[in-house]
Structures are given as C-alpha cells and as structure tokens.
Amino acid sequence: MNATQIDRTQIESLVRQAIQQSLGGGPSVAADGSASPPGWVNGKPNLRVSISARHVHLTDEHVETLFGPGAVLEPEKPLYQDGFYAAKQTVMVVGPRRRMLPSVRVLGPTRSASQVELAFTDSISLGIDAPVRHSGKIDDTPGCVLVGPAGTVQLDRGVIRAARHVHMNFADADFYGVADGDMMQLKITSNDCSTVFENLLVRADKAAKLEVHIDTDEGNACHLDRASKVELTKSGCSCKA
Ligand SMILES: [Zn+2]
C-alpha cells in the first residue's frame, strides 16, 4: 500500500464518520473504519448510571386533553438514550385527599398507555401505594388524576415505582454475558454509603446505550453524585473484582 492509498482510506473513514454524525445516531465509526456499538468508548462499553426522577408518559390523546386540541409534546432536552427526551410540558399529579405533586415532567415520545413513575418518597407524599413495576407492566396498579393547563385526565391505573433496570445493546449484553430479561447487580462505591443494588433487569435493544436507571431514593441512598466507582455484574457471578 502506498501513501496515496493510505490517505484515501483515512479520507473515506472521515467522510463516513461525518455522514454518520450528520444523520445522528447509528453506530459510530472508529478511526480504523470499523463500526462500534452505540455508546462504546475506546472499544469498550461505557457504563453510565442515571437517576430517573419522577416523570409521566402520556398517550397522544392525553397530551391533547391536558394541553389543548392539536397539542404535541415539545422536546426540551434529549435523554442519553437516542430518540427520547424530556418535554417542555409538565403536569400536576393528584392523589387521594387532594395531595399532589405540582410539576411533574413529561417524557417523550408518547406511548400507547399513560404512566406515572414515582420514587417511594413521592408515592408516600402523594398517598398512593405504588407497586414496584417494570415500565409498561401496569395491570392492577393504582391510578391518579393528571391536571394540565387545558384539562384533566383520570387515570384508572398506571402509577408505579419504576423497577431498577439497565438498558444495553446486544454488544453490551455479549460483553457482560447476559441476555434481555436477565438480572444483574450494581455496586456503587461511595464515601460512607456504598451500596449494592440487586435485581437490575436487563433491557437489551439494538439501539440502546449502556445505562442503569435508578430512582431518586436509590440514587440518594448511595450518594450517586459522589460515587467513586460503579460496577455492573451478572447476578450470581462468583468472580471477585
Ligand atoms: Zn430506563
């Protein structure tokens, strides 16, 4: 290979990279031209642990009821997972005996069923006994009232404490030796309050980036903001770090 060919290879790689970036998403392209899975850095999974604060998912119909005819969710801030966002809109969540949370963020895009995800502390202040559930599993869960600037929605069900889970793509799953639906554990090393979380459900998807979601109570319990180390392992793994 002569110098001209090397240059051409490098140029092609840079062009591919630029095209991928301008399209947004898709696998990133390493300097050698090989595709790297979503979220990987330097050829390895890049673990991120995020606190998922209380939020609401809405159907298209409920967006219009709460925010007016023709209203749609307006993205304000993208989430780490591509295609998902915090919307500009918030709603009031009302529980029994007029207890309420005045301003709960709506996350987009819209879904086929509306759902309210709270931390345990939130559910206590609302007076709703919300069960721990994985997103979308809302049979036999309590409801609440949502209040927006244009109207009100009575939810018959859908108030949950979101069960801790980890998003990942299939390359991440291979790396950890797990599959969609498996359980993992997360160790957070933090001054005076190191914590091991069990029962993290693996949610594997082609486009997902490696990210653990815990709620605000869990994040506060282990002082996640000050954590010095986070380690994700397959449940039942006897290997020592
Ligand atoms: Zn999540």
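What you are looking at is a predicted structure, and each value in this text was computed from that prediction instead of being measured.

### Digging into the nonpolar core
Counting 25 residues, the largest nonpolar core has Val-56, Val-91, Val-93, Cys-144, Leu-146 and Val-159 as its most contacted members. Listing elements by their share of this core, those giving two or more residues are helix 2 (60-67), strand 6 (85-94), strand 7 (100-108), strand 8 (115-118), strand 10 (144-147) and strand 12 (159-162). A per-element tally of this core places strand 7 first, with four residues. Residues contacting Val-56, with those up to four places away along its chain left out, are Val-91, Val-104, Val-106, Val-116 and Leu-146. Core analysis: the second largest hydrophobic core is formed by 17 residues, Val-166, Leu-186, Cys-222 and Leu-232 among them.

### A closer look at the pairing of strand 12
The alternating pattern of strand 12 places Val-159 and Arg-161 on one face and Ile-160 and Ala-162 on the opposite face, and all of these are buried. Across three bridges, strand 8 lies against strand 12 in parallel orientation. If you follow Val-116 over to strand 12, its bridge partner there is Val-159. Pairing analysis gives two bridges linking strand 9 (residues 132-133) to strand 12, with the strands arranged parallel. Residue pairing across strands places Val-132 opposite Arg-161, the latter belonging to strand 12.

### Digging into the pairing of strand 10
Judged by which residues are buried, strand 10 turns out to be one-sided: Cys-144 and Leu-146 face inward and are buried, whereas Val-145 and Val-147, on the alternate face, are not. As defined by bridge partners, strand 6 adjoins strand 10 across three bridges and the pair is classed as antiparallel. Within strand 10, the position partnered with Val-94 by the bridge is Val-145. Alignment of strand 10 against strand 11 (residues 152-155), held across four bridges, turns out to be antiparallel. Pairing of Cys-144 across the sheet is with Leu-155, part of strand 11.

Cut-offs used in this document
- Residues numbered from 1 in each chain as written.
- Predicted model: local features only at pLDDT ≥ 70, side-chain atom pairs only at ≥ 80, totals over all residues.
- Core = buried A, V, L, I, M, F, W, Y, C linked by C-beta atoms within 7 Å.
- Buried ≥ 20, exposed ≤ 12 C-beta atoms within 10 Å, placed from the backbone.
- Helix = DSSP H or I, 4+ residues; strand = E, 2+ residues; numbered from the N terminus.
- Contact = placed C-beta atoms within 7 Å.
- Pairing = 2+ DSSP bridges.

Read these as layout, nothing more, since geometry by itself doesn't imply function.
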